[in-house]
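Coordinate inspection notes
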Amino acid sequence: MTPASKITEDAYEPALMEFVAAGGNLVAVEGGDGSPFGVSSFKEAYPERVFNLGSAEQDMILAAAGLALGGKNVCVSS
Amino acid sequence: MEKRAFLEEKALAVRRDVVRMIGLARSGFPASSLSIVDVLVWLYWKVMTLRTEEPSWEGRDRFVLGKGRGCPALYAVLANRSFFPRDELWSYRRLGAMLQGFPEVRRTPGVDAPGGSPGHGLGLANGLALALRERTPAPSVFCLVGDGELQEGVFWESAMTSASFSPDNLVLIVDRDGQQMGGGTEEIMPLEPLADKLRAFGWTVEECDGHDFLSLEGALVSLRSSPKGPRCMVVRTISGKGVSFLEKNSSDQCGSLSRDFIDRALRELERGGD
């Protein structure tokens, strides 16, 4: 389990990796250039689970909402 | 199309219900609702794969109404397709009623997505289509937006997203009636050349008559035969279609709808739309 003492930026990607490795079903939507919440390793491991919308942060939220409407568990970061 | 007469009969019945329900509520957007009736009738009786007895069936095609204030048309179509009792139409917009001023997913059987915030429909439809496209067969997602919404910046973000992720199971339909609150789109913030703009964003676009079932069908067939990529139908419609004095008057009436107004509209529709 990722320790609670880590700051959010450092804990985010490991938490996603742990969750999916343990059988959890999740997709990540990311955006915002130079985001400290980058999920490049997660994307390498699970490319079909990551949607990067670049600087289109308004649309990032809409896409996440749409994915959730379609039954996905969604984490959004910017 | 052997179903054409059937669809036209359904469209007339839906128009009557739209005018009646807005009249009873004394609130709503009749012109915006009437322009999209034929597209909705075509989608819900001819195109979409659905189970009316099982509105939440996972294999169903989905519909996203970006043009949320046109929801009386959606509600009337859903009621006439027996997703819920038709009596629900007569309590439209009442506090606590099933049918509210903008579509809500948990409240209304047959509604697949919330709608009403202008410009947001395509973004939502993109995410929905991406979530569903892994399934076999992949349900289709149809998203209907009003042309006035295309003045919203976020729509164009979504248009780029569509081209980038290219969900094959998505069809965007733009209700090109040339009207928005306050006047004509081309007077307020011109959209033309609209099809060219969408093509420049990577879309395959077909234009057609939004009140002609054969034209609608032809456009969809053309789109589906095109190479992969986001597909859009720009459907030319008339705001207020079906009620002559609404068609002539370009401003969308809402709020204070007089009894006389409603009676005149219903009399026209009772005559079969002459």
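Residues numbered from 1 in each chain as written. Chains lettered and ligands numbered in written order. Predicted model: local features only at pLDDT ≥ 70, side-chain atom pairs only at ≥ 80, totals over all residues. Heavy atoms only, no water.

When its secondary structure is counted, chain A shows three helices and three strands. At 12 Å, chain A has a C-alpha radius of gyration in line with the 12 Å of a compact globule built from 78 residues. Based on the C-alpha atoms only, the size of chain A along its principal axes is roughly 30 × 25 × 20 Å. The buried share of chain A, taken over its 78 residues, is 41%. Restricting to contacts in chain A with at least 6 residues of sequence separation, those with at least 24 account for 51%. In the structure as shown, chain A presents an accessible area of about 4,100 Å², 54% of it carried by carbon and sulfur atoms. (Helix = DSSP H or I, 4+ residues; strand = E, 2+ residues; numbered from the N terminus. Rg over C-alpha atoms; globule rule 2.2 N^0.38 Å. Buried < 20%, exposed > 50% of the residue type's maximum accessible area, 1.4 Å probe, protein only. Contact = heavy atoms within 4.5 Å. Areas by Shrake-Rupley, 256 points an atom, 1.4 Å probe, with all protein chains shown as cover.)

Summing up its helical and strand segments, chain B has eleven helices and seven strands in all. Rg of the C-alpha trace for chain B: 17 Å, near the compact-globule value of 19 Å for 274 residues, within the 12% margin. Viewed in the frame of its principal axes, chain B has a C-alpha envelope of about 50 × 45 × 40 Å. Sequence separation of at least 24 residues holds for 73% of the intrachain contacts in chain B that already meet a minimum separation of 6. Surface summary for chain B: the accessible area is close to 11,000 Å², and the carbon and sulfur share equals 49%.

Caution applies to low-pLDDT parts of the model: their predicted coordinates are not meant to be read in detail. Taken over all residues, the pLDDT of chain A has a mean of 90, while the share at 70 or more is 96%. Mean pLDDT in chain A bottoms out at helix 1 (residues 8-21) of chain A, which sits at 91, and peaks at helix 3 (residues 57-69) of chain A, which reaches 96. (pLDDT = per-residue confidence, 0-100.)

With that out of the way, let us pick up the pattern of salt bridges. Oppositely charged side chains are able to pair whenever their charged atoms sit close together. All names here are of chain B. Under the definition given, this model contains 21 salt bridges over all chains. Ionic pairing is found between E270 and R20, a salt bridge with its closest N-O pair at 3.2 Å. Placement of the pair is E270 in helix 11 (residues 259-270) and R20 in helix 1 (residues 4-25), with a sequence separation of 250 residues. Relative accessible area serves as the criterion here: at 26%, R20 is assigned to the partly exposed category. (Salt bridge = Lys/Arg side-chain N within 4 Å of Asp/Glu carboxyl O.)

Quick look at helix 3 of chain A now. Between its first and last C-alpha, helix 3 of chain A extends 18 Å over 13 residues, near the 18 Å set by a 1.5 Å rise per residue. Along helix 3 of chain A, the residues that are buried comprise D59, M60, L62, A63, A64, G66 and L67 of chain A. Looking at the buried positions of helix 3 of chain A, the neighbouring elements they touch are strand 1 (27-30), strand 2 (50-52) and strand 3 (74-77) of chain A together with helix 5 (121-132) and helix 6 (153-165) of chain B. (Expected span 1.5 Å × (residues − 1).)

Quick look at the sheet that holds strand 7 (residues 231-236) of chain B now. Residues and elements named next belong to chain B. On the basis of which strands lie adjacent, the open sheet formed by five strands has the order 1-2-3-7-6 and parallel pairing. Each having just a single partner strand, strand 1 (62-65) and strand 6 (204-209) make up the two edges of the open sheet. Put simply, the sheet's adjacent strands are angled 20° from each other on average, direction ignored. In this structure, strand 6 lies alongside strand 7, joined through six bridges in parallel fashion. Residue pairing for strand 7: T204 is matched across the bridge by R231. The sheet contacts of helix 5 involve strand 1, strand 2 (141-146) and strand 3 (170-176), and relative to strand 2 the element is tilted by about 175°. (Pairing = 2+ DSSP bridges. Axes fitted to C-alpha atoms, helices over the stretch in contact; angles between N-to-C directions.)

All names here are of chain A. Pairing within the open sheet is parallel, and its three strands lie in the order 2-1-3. Pairing within the sheet leaves two strands with one partner each, and these edge strands are strand 2 and strand 3. When strand polarity is set aside, the average angle formed by the axes of neighbouring strands in this sheet is 15°. Alignment of strand 1 against strand 2, held across three bridges, turns out to be parallel. Looking across to strand 2, one finds that A28 is bridged to V50.

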